[in-house]
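Survey of secondary and tertiary structure
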Amino acid sequence: MPTHTIPVIAIDGPTASGKGTVAHRVADKLGFHYLDSGALYRLTALMALRRGTDLADEHALAKLAEHLPCSFTGSSVILSHENVTDAIRAEEVGNTASKIATFPAVRHALTGLQLGFRKAPGLVADGRDMGSVIFPHAPLKVFLTASVDARADRRYKQLIDKGISANMEDLLMDLRARDERDTNRAIAPLIPAEGAHVLDTSSMTADQAVEEVLKWYAAVIK
Ligand code: C5P
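So, here's what we can say about the structure. (Residues numbered from 1 in each chain as written. Predicted model: local features only at pLDDT ≥ 70, side-chain atom pairs only at ≥ 80, totals over all residues. Heavy atoms only, no water.)

So, the overall build of the chain
Rules: A run of DSSP states H or I qualifies as a helix once it reaches four residues; a run of E qualifies as a strand once it reaches two. Both are numbered from the N-terminal end. Each residue gets one of three labels from its accessible area relative to the maximum for its type: buried under 20%, exposed over 50%, partly exposed in between, using a 1.4 Å probe on protein chains only. The contact criterion used is simple: two residues touch if any of their non-hydrogen atoms lie within 4.5 Å. The charge count includes Lys and Arg as positive and Asp and Glu as negative, but it does not include His or the ends of the chains. The location of each charge is read from NZ of Lys, CZ of Arg, CG of Asp or CD of Glu.
On a plain count of helices and strands, the chain comes out with nine helices and eight strands. With respect to the principal axes defined by its C-alpha atoms, the chain has extents near 50 × 40 × 35 Å. For the chain, the proportion of its 222 residues judged to be buried stands at 46%. A separation of at least 24 residues holds for 76% of the contacts in the chain among residues at least 6 apart in sequence. Here the chain carries 25 positive and 27 negative side-chain charges, and the mean point of each set is 4 Å from the other.

Overview of the pairing of strand β3 (residues 70-73)
So the rule is basically this: Note on pairing: DSSP must find at least two bridges between two strands before they are called paired.
As paired strands, β3 and strand β4 (residues 76-79) are joined by four bridges and run antiparallel to one another. The residue bridging Thr73 from the neighbouring strand is Ser76, located in β4.

A short note on the site of the ligand
Inclusion rule: Near, as used in this document, describes a residue that has one of its heavy atoms within 4 Å of the molecule or strand being considered. Here a polar contact is recorded for every N or O atom pair within 3.5 Å, except that within protein the pair must consist of a potential hydrogen donor and a potential acceptor, and residues adjacent in sequence are included only if both atoms are side-chain atoms. Surface accessibility in these figures is a Shrake-Rupley result with a 1.4 Å probe; residues are shielded only by whichever protein chains are displayed. Classification used: nonpolar for Ala, Val, Leu, Ile, Met, Phe, Trp, Tyr, Cys and Pro, charged for Asp, Glu, Lys and Arg, polar for all others including Gly.
Inspection of the region around the ligand gives 18 residues, with Arg42, Arg107, Arg128, Asp129 and Asp182 positioned closest. Asp129 has a polar side-chain atom sitting 2.9 Å from a nitrogen atom of the ligand. A distance of 2.7 Å is found between an oxygen atom of the ligand and a side-chain nitrogen or oxygen belonging to Asp182. If the ligand stood free it would expose 450 Å²; the protein chains cover 97% of that surface. Of all the secondary-structure elements, those providing two or more residues to the shell around the ligand are α2 (37-51), α4 (91-100) and α8 (168-184). The element best represented in the shell around the ligand is α2, accounting for four residues. For the shell around the ligand, a count of residues per class yields four nonpolar, five polar and nine charged.

Description of the pairing of strand β6 (residues 123-127)
The element β6 is largely enclosed, with a buried count of five among its five residues. A two-sided burial pattern is seen for β6, the buried positions comprising Leu123, Ala125 and Gly127 on one face and Val124 and Asp126 on the other. Of the strand pairs in this sheet, strand β1 (residues 8-12) and β6 are connected by five bridges, and their pairing is parallel. The residue bridging Ile9 from the neighbouring strand is Val124, located in β6.

Describing helix α5 (residues 104-115)
As a reminder of what qualifies: For a helix, the expected span equals 1.5 Å multiplied by the residue count minus one. The directions considered for the arc run from the helix axis to the C-beta atoms.
Taking 1.5 Å per residue, twelve residues should reach 16 Å; α5 reaches 17 Å between its end C-alpha atoms and fits that length. Within α5 the residues assigned to the buried category are Val106, Arg107, Ala109, Leu110 and Gln114. Down the axis, α5 shows its buried residues gathered within 160° of arc, on one side only. For α5, the secondary structure elements touched by its buried residues are β2 (33-36), α2, α3 (58-66), α4 and α6 (130-134).

Things to note about the environment of Pro189
Looking at the element boundaries, Pro189 is found in the loop between α8 and β8 (197-200). For Pro189 and Ser132, which are 57 residues apart along the polypeptide, the C-alpha to C-alpha distance reads 9.1 Å. Ignoring sequence-local partners within four residues, the contact set of Pro189 consists of Arg128, Asp182 and Thr183.

Focus: the sheet that holds β8
Applicable threshold: Fitting a line to C-alpha atoms yields each axis, with helices limited to the stretch in contact; the angle taken between N-to-C directions then spans 0 to 180 degrees.
Strand order in this open sheet of five strands is β2-β6-β1-β7-β8, and the pairing throughout is parallel. In this open sheet, the two edge strands, each paired with only one partner strand, are β2 and β8. Adjacent strand axes in the sheet meet at a mean angle of 20°, parallel and antiparallel pairs treated alike. Contacting β1, β2, β6 and β7 (140-145), helix α1 (residues 19-30) runs over the sheet at an angle of about 175° to β6. Along the sheet face, α2 touches β2 and β6 and points at about 40° away from the line of β2.

Describing the nonpolar core
This is how it is decided: In these notes, a set of buried Ala, Val, Leu, Ile, Met, Phe, Trp, Tyr and Cys residues joined through side-chain atoms within 4.5 Å is what counts as a nonpolar core.
Counting 36 residues, the largest nonpolar core has Leu35, Leu43, Ile88, Val106 and Phe135 as the members making the most contacts within it. Taken together, the elements giving at least two residues each to this core come down to β1, α2, α3, β4, α4, α5, β6 and α6. For this core, the element with the most residues is α2, which contributes eight residues. Leu35 has contacts with Leu40, Gln114, Phe117, Leu123, Val124, Ala125, Asp126, Met130 and Phe135, leaving out every residue within four places of it along the chain. Of all hydrophobic cores here, the second largest spans 17 residues; its members include Ile9, Ile11, Val124 and Val210.

This is the structure we're talking about:
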């Protein structure tokens, strides 16, 4: 199967919109591969934090991104043989990821890695610019969103479930700051791609959102 004919479902949206869960389940239902592009930005951020890389040094950060020694096995994220699945989910890592993601050289360095996930029989790609930049010809593009309150609420529950203490005020502030940065950055801003189906999941369950995406996909391949 030539790569450009392998179907891609691009699922973009803001932090804590539920796109990770939805994208995962859609991939499972269709037997497709799954790309968590945010994890690549988080991995770069984690490496930079650990190495004490200057977070304003675009060139040094791009170098880290370009040679990211990472692999994905099942739901585990591995960095140089270390399981960092939980470590990359820390709020500090997410915030740093969102800062370094504003650098064009970092985004450019991660492009090839992301394109490499397009393998038969298909790919569900989750991120901010999957439909607008990385896979602009994806047959289905979805922009998943939810109100900032609904998203803070979900993030709060996720953290508490994991036994991590959380403060609602701080979470709301972080989400707003990250939305602001992701939406207003000059390169690959968080906006619905041309032709994207917009789905507001504020009052939907993950299963309902999955059903909607699968319905759209069935219509596309008909
Ligand atoms: O999706 P997740 O919260 O894991 O992503 C972490 C950060 O990485 C986001 O806040 C965003 O700034 C950045 N990101 C991006 N482009 C993507 C995926 C993530 O800029 N495709």
